[in-house]
Amino acid sequence: MARMTGWEALVQALQAEGVPYVFGLPGDGLHLYNAIHKLGGPEPVLVRHETSGAFMAMAYHRVSGKLAACYGCPGPGVTNLTTGVLEAFSGCTPMIAIGTRSPMSTTGMGAFQEGDHVSLMRPITKWAHTIEKPERAGWAVRRAVTIATSGQPGPVYLEFPGDTAWEEAEIPEYIPAATGGRPAPDPETITA
């Protein structure tokens, strides 16, 4: 176990899964990008609009076969991801969309640009989840990768509340997801 922040645990998990890029627009530098800089990857690819970040993550998977991520900051940053995430969902393309939401301490109090991102993403992803404790970041990434790449592939959404993401905790060692569980037809029915 190592002591680190939730963002650092999430970045470490992305590294272990071989995610080479995060396409996004930082907004508040204290979010995901400080942890990426500190740990040395995945490589951030800055975009002019979050929608293009989602499309870039989808396109990267289509040409490379590797899972990529996109990022949106609270409020409009996450809502701007939805067009690209919906296209990935329609095109059965796996990717991880990452967002930040208002802090747990102010949830439901009408904080600046507060929105229910999980409810927004649920119909257009295979799984949408809020990481409420920093020590659960690894579990969430492992589950997200498994869901995104298993069965019919598709996008997943993970979000961190602003305050929880910066809490330090004892983070368990990350165990990469088992991927490649794609269904296949019965060979006997194909030949018949």
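Refer to the structure printed above.
First, a word on what this report is: a plain description of the structure on this page. (Residues numbered from 1 in each chain as written. Predicted model: local features only at pLDDT ≥ 70, side-chain atom pairs only at ≥ 80, totals over all residues. Heavy atoms only, no water.)

## Here's the deal with the environment of Tyr 60
Tracing the backbone through its elements, the reader meets Tyr 60 in helix H3 (residues 50–64). Judged by its relative accessible area of 18%, Tyr 60 falls in the buried class. Each C-alpha atom of the pair Tyr 60 and Trp 7 lies 23 Å from the other, and the pair is 53 residues apart in sequence. Those residues in contact with Tyr 60 that sit more than four places away from it in its chain are Pro 20, Tyr 21, Phe 23, Gly 65, Lys 66 and Ala 68. (Helix = DSSP H or I, 4+ residues; strand = E, 2+ residues; numbered from the N terminus. Buried < 20%, exposed > 50% of the residue type's maximum accessible area, 1.4 Å probe, protein only. Contact = heavy atoms within 4.5 Å.)

## With respect to the layout of surface pockets
Gaps left between atoms show up when a probe the size of a water molecule is rolled over them. The computed volume of the largest pocket comes to approximately 180 Å³. The wall of the largest pocket is formed by 13 residues, among which His 61, Gly 65, Leu 67, Pro 94 and Thr 149 lie closest to the centre. Here the lining of the largest pocket is composed, by residue class, of five nonpolar, five polar and three charged. (1 Å grid on protein atoms, 1.4 Å probe; cavity = no way out; pocket = protein on both sides within 12 Å on 5 of 7 lines; lining within 4 Å. Points joined across faces, edges and corners; volume = space filled by probe spheres on them. Nonpolar A, V, L, I, M, F, W, Y, C, P; charged D, E, K, R; others polar.)

## Description of the nonpolar core
Core analysis: the biggest nonpolar cluster contains 36 residues, and Trp 7, Leu 10, Leu 32, Ile 96 and Ile 98 have the highest contact counts within it. For this core, the elements supplying multiple residues, two or more each, are helix H1 (6–16), helix H2 (32–39), strand E4 (69–72), strand E5 (95–101), helix H6 (137–149), strand E7 (155–161) and strand E8 (168–171). With seven residues, the top contributor of residues to this core is H6. For Ile 98, the residues in contact, after removing those within four places along its chain, are Trp 7, Leu 10, Leu 14, Leu 32, Ala 69, Cys 70, Tyr 71, Gly 72, Leu 81, Tyr 157 and Leu 158. Counting residues in each nonpolar core, the second largest holds 19 residues, with Ala 68, Val 78, Leu 81 and Tyr 157 among its members. (Core = buried A, V, L, I, M, F, W, Y, C linked by side-chain atoms within 4.5 Å.)

## Details of the packing of H3 against helix H4 (residues 76–90)
Taken N-terminus to C-terminus, the directions of H3 and H4 make an angle of 30°; their axes are 7 Å apart at the nearest point. The angle between H3 and H4 falls in the class roughly parallel. Taken as a pair, H3 and H4 cross one another with a handedness that is right-handed. Between H3 and H4, the residues in contact are Glu 50, Thr 51, Ala 54, Phe 55 and Met 58 and Gly 77, Asn 80, Leu 81, Thr 83, Gly 84, Val 85, Glu 87 and Ala 88, respectively. (Axes fitted to C-alpha atoms, helices over the stretch in contact; angles between N-to-C directions. Parallel < 35°, antiparallel > 145°, perpendicular 65-115°, else oblique. Left-handed = near helix turned anticlockwise from the far one by under 90°.)

## What about the environment of Leu 67?
As for its placement among the helices and strands, Leu 67 is situated in the loop between H3 and E4. For Leu 67, a relative accessible area of 11% gives the class buried. Here the alpha-carbon distance between Leu 67 and Gly 99, two residues 32 residues apart in the chain, equals 17 Å. Residues contacting Leu 67, with those up to four places away along its chain left out, are Val 19, Pro 20, His 61, Pro 94, Met 95, Ile 96 and Val 145.

## Structural notes on the packing of aromatic side chains
Ring pairs (aromatic) are described by centroid distance and by the angle formed between their planes. Taken as a whole, this structure holds seven aromatic pairs when the rule is applied. Over the face of the ring belonging to Trp 139 we find Arg 136, whose NZ or CZ atom lies 4.5 Å from the ring centre. (Phe/Tyr/Trp six-rings, centres within 6.5 Å; stacked < 30°, edge-to-face > 60°. Lys NZ or Arg CZ within 6 Å of the ring centre and 35° of its normal.)

## Let's talk about the pattern of salt bridges
All chains considered together, the criterion is met by four salt bridges. Between Lys 38 and Glu 8 there is a salt bridge, with the nearest N and O atoms lying 2.9 Å from each other. Placement of Lys 38 in helix H2 and of Glu 8 in helix H1 is noted, with a sequence separation of 30 residues between them. Lys 38 sits in the exposed class, given a relative accessible area of 59%. Here Glu 159 ties to Arg 101 by a salt bridge, and the two come within 3.6 Å at their closest N and O atoms. Remark: Arg 101 occurs in strand E5 and Glu 159 occurs in strand E7; sequence separation between them is 58 residues. Here Glu 159 and Arg 101 have matching classes, each one buried. One network of salt bridges, with partners in common, ties together Arg 3, Glu 168 and Glu 170. (Salt bridge = Lys/Arg side-chain N within 4 Å of Asp/Glu carboxyl O.)

## A closer look at the environment of Gly 110
Tracing the chain through its elements places Gly 110 in the loop between E5 and helix H5 (117–121). For Gly 110, a relative accessible area of 60% corresponds to the exposed category. Taking the C-alpha atoms as reference, Gly 110 lies 31 Å from Pro 44; in sequence the two are 66 residues apart.

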